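Coordinates in review
So you can see what is in the structure, the chains are spelled out below.
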Amino acid sequence: GENVEQHPSTLSVQEGDSAVIKCTYSDSASNYFPWYKQELGKRPQLIIDIRSNVGEKKDQRIAVTLNKTAKHFSLHITETQPEDSAVYFCAVRNSGNTPLVFGKGTRLSVIA
Amino acid sequence: NAGVTQTPKFQVLKTGQSMTLQCAQDMNHNSMYWYRQDPGMGLRLIYYSASEGTTDKGEVPNGYNVSRLNKREFSLRLESAAPSQTSVYFCASGTGNGGYTFGSGTRLTVV
């Protein structure tokens, strides 16, 4: 089955700096790559996603890039703010109607 | 439009007790899922239902059963709770080829 690895597990940045979280996957047939943000005690919420026919997608301060050849995708957060502090999960779907497989998460702390 | 509603939000069980976690969605999604979240382990799939009338095992199904009651409702049952089932449980729904909407979670403690 699909194997998703996420790095780093924890990340601390100064407010205003950029943060990058990377995920690798094993199945070259994977075609959907969402990112979720989970604030403390809350539910995971979808913040951005990308499909395999697109190399990059941006939404204000967040962007996701996909390298299908290398089988990795990354979340980029620019101009970080304290409210960006949360746990971020990447996920992968490899085909059709199969469930998402999640990475183990990255705890991002933005230090004011 | 409530999205995905889970009940209860908190529960404490004694070892060996049974309980059912309820989940309902009002987004007309075909697919529904149950995940458990443990520290450092991410979200692990317990069971899912790709469409009404079907259910399939996920990564960690042992000790659980599910029922897709209708298109809106997908319940998770613990027949004989064990301390290893202490976790936060999330229900989610989706169209099948896109992202999920998660419920607010159930924090379960088995003593």
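Look up a bit, the structure's there.
Residues numbered from 1 in each chain as written. Chains lettered and ligands numbered in written order. Predicted model: local features only at pLDDT ≥ 70, side-chain atom pairs only at ≥ 80, totals over all residues. Heavy atoms only, no water.

**Examining the side chain of Ser87 of chain B**
Residues and elements named next belong to chain B. Within the secondary structure, Ser87 is located in strand 9 (residues 87-94). Exposure remark for Ser87: the relative accessible area of 6% places this residue in the buried category. A distance of 3.0 Å separates the side chain of Ser87 from the backbone oxygen of Gln37, its partner in a polar contact. Those residues in contact with Ser87, other than ones at most four positions away along the chain, are Arg36, Gln37, Asp38, Thr106, Arg107 and Leu108. (Helix = DSSP H or I, 4+ residues; strand = E, 2+ residues; numbered from the N terminus. Buried < 20%, exposed > 50% of the residue type's maximum accessible area, 1.4 Å probe, protein only. Polar contact = N/O pair within 3.5 Å; in protein donor to acceptor, adjacent residues only side chain to side chain. Contact = heavy atoms within 4.5 Å.)

**Looking at the sheet that holds strand 8 (residues 74-78) of chain B**
Residue and element names in this part refer to chain B. The sheet built from four strands is open, its strands ordered 1-3-8-7 with antiparallel pairing. Each of the sheet's edge strands pairs with one partner strand only, and the pair in question is strand 1 (4-7) and strand 7 (64-68). With direction set aside, neighbouring strand axes in the sheet form an average angle of 15°. Judged from the four bridges that link them, strand 1 and strand 3 (residues 19-25) form a sheet pairing that is antiparallel. Pairing of Thr5 across the sheet is with Ala24, part of strand 3. (Pairing = 2+ DSSP bridges. Axes fitted to C-alpha atoms, helices over the stretch in contact; angles between N-to-C directions.)

**Section: the sheet that holds strand 6 (residues 56-59) of chain A**
All names here are of chain A. In space, the five strands of this open sheet follow the order 1-3-8-7-6, with antiparallel pairing throughout. Either end of the sheet is taken by a strand with one partner, and the two such strands are strand 1 (4-7) and strand 6. On average, each strand axis in the sheet is inclined to that of its neighbour by 15°, with strand direction left out of account. With six bridges connecting them, strand 3 (residues 19-25) and strand 8 (residues 72-77) associate as antiparallel partners. Its bridge partner lying in strand 8, Ala19 is registered against Ile77.

**What about the nonpolar core?**
Core analysis: the biggest nonpolar cluster contains 23 residues, and Phe33, Trp35, Phe73, Leu75, Ile77, Tyr88 and Leu108 of chain A have the highest contact counts within it. With residues up to four places along the chain from it excluded, the contact list for Phe33 of chain A reads Tyr25, Ile48, Asp49, Ile50, Ser52, Leu66, Phe73, Ala91 and Val92 of chain A. With 20 residues, the next largest nonpolar core counts Met19, Leu21, Trp34 and Val110 of chain B among its residues. (Core = buried A, V, L, I, M, F, W, Y, C linked by side-chain atoms within 4.5 Å.)

**Side note on the state of the cysteines**
All names here are of chain A. Counting across every chain of the model gives two disulfides over all chains. Here Cys23 pairs with Cys90 through a disulfide, and the sulfurs are 1.9 Å apart. Taking the torsion about the sulfur-sulfur bond, which here is approximately -95°, the covalent link between Cys23 and Cys90 counts as left-handed. With Cys23 in strand 3 and Cys90 in strand 9 (residues 86-92), the pair connects residues that are 67 residues apart, well separated along the chain. (Disulfide = S-S within 2.5 Å.)

**Some details on the packing of aromatic side chains**
With the rule as written, the count across this model stands at 17 aromatic pairs over all chains. Here Tyr25 of chain A and Phe73 of chain A contribute two aromatic rings whose centre-to-centre distance is 6.1 Å and whose plane-to-plane angle is 55°, an arrangement assigned as tilted. One end of the pair, Tyr25 of chain A, is in strand 3; the other, Phe73 of chain A, is in strand 8, with 48 residues separating them in the sequence. For Tyr25 of chain A, a relative accessible area of 6% corresponds to the buried category. For Phe73 of chain A, a relative accessible area of 0% corresponds to the buried category. When the ring of Phe90 of chain B is compared with that of Phe102 of chain B, the centres are 6.1 Å apart and the planes differ by 90°; the resulting orientation is edge-to-face. Here Phe90 of chain B is found in strand 9, whereas its partner Phe102 of chain B is found in strand 10 (residues 100-102), with 12 residues between them in sequence. A residue is classified by how much of its surface remains accessible, and Phe102 of chain B, at 1% relative accessible area, is buried. Here the aromatic residues Tyr36 and Phe102 of chain A together with Tyr33, Tyr35, Tyr48, Phe90, Tyr100 and Phe102 of chain B are joined through ring pairs into a cluster of three or more. (Phe/Tyr/Trp six-rings, centres within 6.5 Å; stacked < 30°, edge-to-face > 60°.)

**Brief notes about the interface of chain B and chain A**
With 21 residues of chain B at the contact, the number on the chain A side is 18 residues. Buried surface at the junction of chain B and chain A, both sides included, amounts to about 1600 Å², of which 52% is carbon and sulfur. Contact with chain A buries area across many residues of chain B, yet Leu43, Tyr100 and Phe102 of chain B alone supply 30% of it, more than any other trio. On the surface where chain B and chain A come into contact, there are zero salt bridges. At the junction of chain B and chain A, the tally comes to nine residue pairs in polar contact (both at pLDDT 80 or more). Classifying every residue of the side of chain B that touches chain A by side-chain character gives 11 nonpolar, 10 polar and no charged. (Buried area = accessible area lost by both parts, 1.4 Å probe. Salt bridge = Lys/Arg side-chain N within 4 Å of Asp/Glu carboxyl O. Nonpolar A, V, L, I, M, F, W, Y, C, P; charged D, E, K, R; others polar.)

All we've got here are geometric facts, nothing functional implied.
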